[in-house]
Structure formats: C-alpha cells, structure tokens
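# A look at the structure
What follows is the residue order along each chain.
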Amino acid sequence: MMVAVFQLTVRFLLELVLFIGLAYWGFQVEGSVLLQFIAGLGLPVAAAIVWGKLLSPKRTIKLGLPWRLLIEFALMGAAFVCYYDLGYHAFAILFGIVQVVNRTCIVIWDIQDWPVRVKK
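The following refers to the structure shown. Here the residue numbers are simple positions, counted from 1 along each chain's written sequence. With pLDDT at 70 or above as the cut-off, local features in this predicted model cover only qualifying residues; side-chain atom pairs require 80 or more to be listed or tallied, and sums for whole chains, interfaces and linings still use all residues. Hydrogens and waters are ignored; side-chain quantities use all the structure's heavy atoms.

Surface patches are defined over residues having more than 30% relative accessible area and no salt bridge, joining like charges when they lie within 9 Å and nonpolar side chains (Val, Leu, Ile, Met, Phe, Trp, Tyr) when within 5 Å. In these tables, accessible area is a Shrake-Rupley quantity obtained with a 1.4 Å probe, and a residue counts as shielded only by the protein chains included in the view. One speaks of a salt bridge when a side-chain nitrogen belonging to Lys or Arg is within 4 Å of a carboxyl oxygen belonging to Asp or Glu. A cluster of nonpolar side chains, Phe27, Leu34, Phe37, Ile38 and Leu41, forms an exposed patch at the surface whose accessible area comes to about 490 Å². Here a strand is any run of E in DSSP of at least two residues, a helix any run of H or I of at least four, and the numbering for each starts at the N terminus. Ranked by residue count, the leading element in the nonpolar patch is helix H2 (residues 33-55), at 4 residues. Only protein chains enter the accessibility calculation, which uses a 1.4 Å probe; a residue whose area is less than 20% of its type maximum is buried, one above 50% is exposed, and one in between is partly exposed. Taking the relative accessible area as the measure of exposure, phenylalanine 37 reaches 48% and is therefore partly exposed.

Take a look at the structure:
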C-alpha cells in the first residue's frame, strides 16, 4: 500500500510539473502579449481538461489502457519539449526518466485507478 501511495504521489507531482511547464512555455512564446497570455493559460487548461476527462481515476470518458498511455505520454512529452526548449535540458531529461519509470511501475503493479476503481 505504501508503494502505491508513493507512486501515485509522484504521478500527481509529475502532473503538476506538466501543467507548470506548459504554462511557463506558453508565457515565453514569441509574439504579442495577448498570444502569450492565451498560450500561457490555454495550454495548461486544455491539458487539464484532457487529463480529467481521459486519464484521471474518475474520468468520464473510458478508454483502454493503451490509449490512455498514448495520451499521457503525448502530454508528458509536450512538457518535456517545453522544458527542453526553454533551456532546462537536464530537468527535461530527469522529468522524462522519472515519468517513464513511474508510469511503468504503476502499470506493472496495476495501481493506475487505485484507490478508485472505474467501472467498465
């Protein structure tokens, strides 16, 4: 049980890092202040909506595990690219490694919906 709590806590922190990275990158894009504002707020909000609807334990749209993994790695990959583009190369690589290891452990131990089990 402690392993599950630890892994899911790490996953939650990775989600926060995802949203922060998208927002920070969005506010740094070249262009008008309006574009920066829209990208800085819009990217993390869009990612949060996708995460909540498709990936969270209480998701409303049920997809199979392969589709959920694909979407999750696309979102996390976007955050990786954002951090790397901003010049945080070591952080981006560490983020990617932690994400892959964490998600692999969650799948192997079948705790992706723990403690909430989504009815199929």
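A word on the packing of helix H1 (residues 2-28) against H2. To obtain each axis, a line is fitted to C-alpha atoms, and for helices this fit is confined to the stretch in contact; angles are then taken between N-to-C directions over 0 to 180 degrees. At their nearest, the axes of H1 and H2 sit 6 Å apart, and the two run at 155° to each other. The angle between H1 and H2 places the two elements in the roughly antiparallel class. Viewed along their axes, H1 and H2 form a crossing whose handedness is right-handed. Residues Arg11, Glu15, Leu18, Phe19, Leu22, Ala23, Trp25, Gly26, Phe27 and Gln28 of H1 pack against Gln36, Phe37, Ala39, Gly40, Leu41, Leu43, Pro44, Ala47, Ala48, Trp51 and Leu55 of H2. Residues that form the contact of H1 with H2 fall into these classes: 15 nonpolar, 4 polar and 2 charged. Oblique is the label for every angle not falling under 35 degrees (roughly parallel), over 145 degrees (roughly antiparallel), or within 65 to 115 degrees (roughly perpendicular). What makes a crossing left-handed is the near helix being turned counterclockwise from the far one by less than a right angle; a clockwise turn instead makes it right-handed. We call two residues contacting when some pair of their heavy atoms lies within 4.5 Å. In this count, Pro and Cys sit with the nonpolar residues alongside Ala, Val, Leu, Ile, Met, Phe, Trp and Tyr, while Asp, Glu, Lys and Arg are called charged and the others, Gly among them, polar.

The next subject is the packing of H2 against helix H3 (residues 65-85). Look at H2 against H3: their axes get within 11 Å of each other, and the N-to-C directions meet at 160°. Relative to H3, the element H2 is oriented roughly antiparallel. Between H2 and H3 lies a crossing whose hand is left-handed. Residue-level inspection shows Ala47, Val50, Trp51, Leu54 and Leu55 of H2 in contact with H3, the latter providing Arg68, Ile71, Glu72, Leu75 and Met76.

The next thing to look at is the packing of aromatic side chains. The aromatic pairing rule takes the rings of Phe, Tyr and Trp, using the six-membered ring of Trp, and pairs them if the centres are within 6.5 Å, calling planes under 30 degrees apart stacked, those over 60 edge-to-face and the rest tilted. A complete count under the given rule lists 4 aromatic pairs for this structure. By way of ring pairs, the aromatic residues Tyr83, Phe91 and Phe95 are connected into one cluster.

Compared with the 30 Å implied by 1.5 Å per residue over 21 residues, the 30 Å span of H3 between its first and last C-alpha is a close match. For H3, every residue scored as buried is listed here: Arg68, Ile71, Glu72, Leu75, Met76, Ala79, Cys82 and Tyr83. End-on view of H3: buried residues confined to an arc of 120°, all on one side of the axis. The exposed set on the far side of H3, more than 90 degrees from its buried face, consists of Pro66, Trp67, Leu70, Ala74, Val81 and Asp85. Next to the buried residues of H3 lie H1, H2 and helix H4 (89-108). Positive backbone phi, approximately 100°, marks glycine 87, located one or two places after H3. Expected span, for any helix, means 1.5 Å times one less than how many residues it has. Each C-beta atom gives one direction from the helix axis, and the arc is the one those directions make.

These results come straight from atomic positions and should not be treated as a statement about function.
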